[in-house]
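Chain and residue survey
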Amino acid sequence: MERRRLRAGQPITPQEFDELSDEDLERLVPKRYREFFPGKDGCADGFFYLHDGTAYSFYRGGLLDE
C-alpha cells in the first residue's frame, strides 16, 4: 500500500499520527506554529498548545478553536 503525500495543514488520522516520526509530524505543522511543536511525545490526543493557549490539532489540520 502506497502512503499518501502529506502536506502542512492537512488533517491526518490517529493511525497516521502513530506511524509518523517527530520529523514527519513537524513538516505537517504550518511554519508559523513549528517553533511550538514539542515533539510527538508532547502531543496529547494529537494536539499541542501554542504560546497563546490555543491548540493545534493534527487530526483537524488546524487550530481547535476554528
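Shown above is the structure to which this text applies.
Our subject in this report is the structure included herewith.

Calculation notes
- Residues numbered from 1 in each chain as written.
- Predicted model: local features only at pLDDT ≥ 70, side-chain atom pairs only at ≥ 80, totals over all residues.
- Heavy atoms only, no water.
- Pairing = 2+ DSSP bridges.
- Helix = DSSP H or I, 4+ residues; strand = E, 2+ residues; numbered from the N terminus.
- Buried < 20%, exposed > 50% of the residue type's maximum accessible area, 1.4 Å probe, protein only.
- Polar contact = N/O pair within 3.5 Å; in protein donor to acceptor, adjacent residues only side chain to side chain.
- Contact = heavy atoms within 4.5 Å.
- Core = buried A, V, L, I, M, F, W, Y, C linked by side-chain atoms within 4.5 Å.
- Patch = residues over 30% accessible without salt bridge, like charges linked within 9 Å, V, L, I, M, F, W, Y side chains within 5 Å.
- Areas by Shrake-Rupley, 256 points an atom, 1.4 Å probe, with all protein chains shown as cover.
- Salt bridge = Lys/Arg side-chain N within 4 Å of Asp/Glu carboxyl O.
- Lys, Arg positive; Asp, Glu negative; His and termini not counted.
- Charge placed at Lys NZ, Arg CZ, Asp CG, Glu CD.
- Phe/Tyr/Trp six-rings, centres within 6.5 Å; stacked < 30°, edge-to-face > 60°.
- Lys NZ or Arg CZ within 6 Å of the ring centre and 35° of its normal.

**Notes on the sheet that holds strand β3 (residues 62-63)**
One key point about sheets: their strands pair by backbone hydrogen bonds, in either a parallel or an antiparallel sense. If you walk across this open sheet you meet the three strands as β1-β2-β3, and the pairing is antiparallel. Each having just a single partner strand, β1 (47-49) and β3 make up the two edges of the open sheet.

**Overview of the side chain of Thr-54**
Relative to the assigned elements, Thr-54 resides in the loop between β1 and β2 (55-57). A relative accessible area of 16% means that Thr-54 is categorised as buried. Separated by 2.7 Å, the side chains of Thr-54 and Asp-52 make a polar contact. Beyond its immediate sequence surroundings of up to four residues, Thr-54 is in contact with Phe-48, Tyr-49, Leu-63 and Asp-65.

**Some remarks on the nonpolar core**
If you look at the biggest cluster of nonpolar residues, it comprises 14 residues, and the most contacted ones within it are Ile-12, Leu-25, Val-29, Phe-37, Phe-48, Tyr-56 and Phe-58. Not counting the four nearest positions on each side in its chain, Phe-58 is found in contact with Gln-10, Pro-11, Ile-12, Phe-17, Leu-25, Leu-28, Val-29, Phe-37, Cys-43, Gly-46 and Phe-48.

**Here's the deal with a negative patch on the surface**
A surface patch of negative charge is lined by Asp-22, Glu-23, Glu-26 and Asp-41. Tracing the backbone shows Asp-22 in helix α2 (residues 22-28).

**Considerations on unusual backbone geometry**
The phi torsion of most residues other than glycine is negative, and most of the peptide bonds are trans. The phi torsion at Asp-45 lies on the positive side, around 55 degrees, for a residue other than glycine. Tracing the sequence through the fold places Asp-45 in the loop between α2 and β1.

**Things to note about the packing of aromatic side chains**
Inspection of every chain in the model, using the stated rule, returns nine aromatic pairs. With centroids separated by 6.0 Å and ring planes inclined at 80 degrees, the aromatic side chains of Phe-17 and Tyr-59 adopt a geometry described as edge-to-face. Pair noted here: Phe-17 is in helix α1 (residues 14-19) and Tyr-59 is in the loop between β2 and β3, with a separation of 42 residues, a long-range link. Ring geometry for Phe-48 versus Tyr-56: centroids 5.7 Å apart, planes at 45 degrees, classification tilted. Considered together, Phe-48 and Tyr-56 belong to a single accessibility category, that of buried residues. Grouped by ring-pair contacts, the aromatic residues Phe-17, Tyr-33, Phe-37, Phe-48, Tyr-56, Phe-58 and Tyr-59 constitute a single cluster. A cation over an aromatic ring shows up here: Lys-40 above the ring of Phe-17, its NZ or CZ 5.6 Å from the ring centre.

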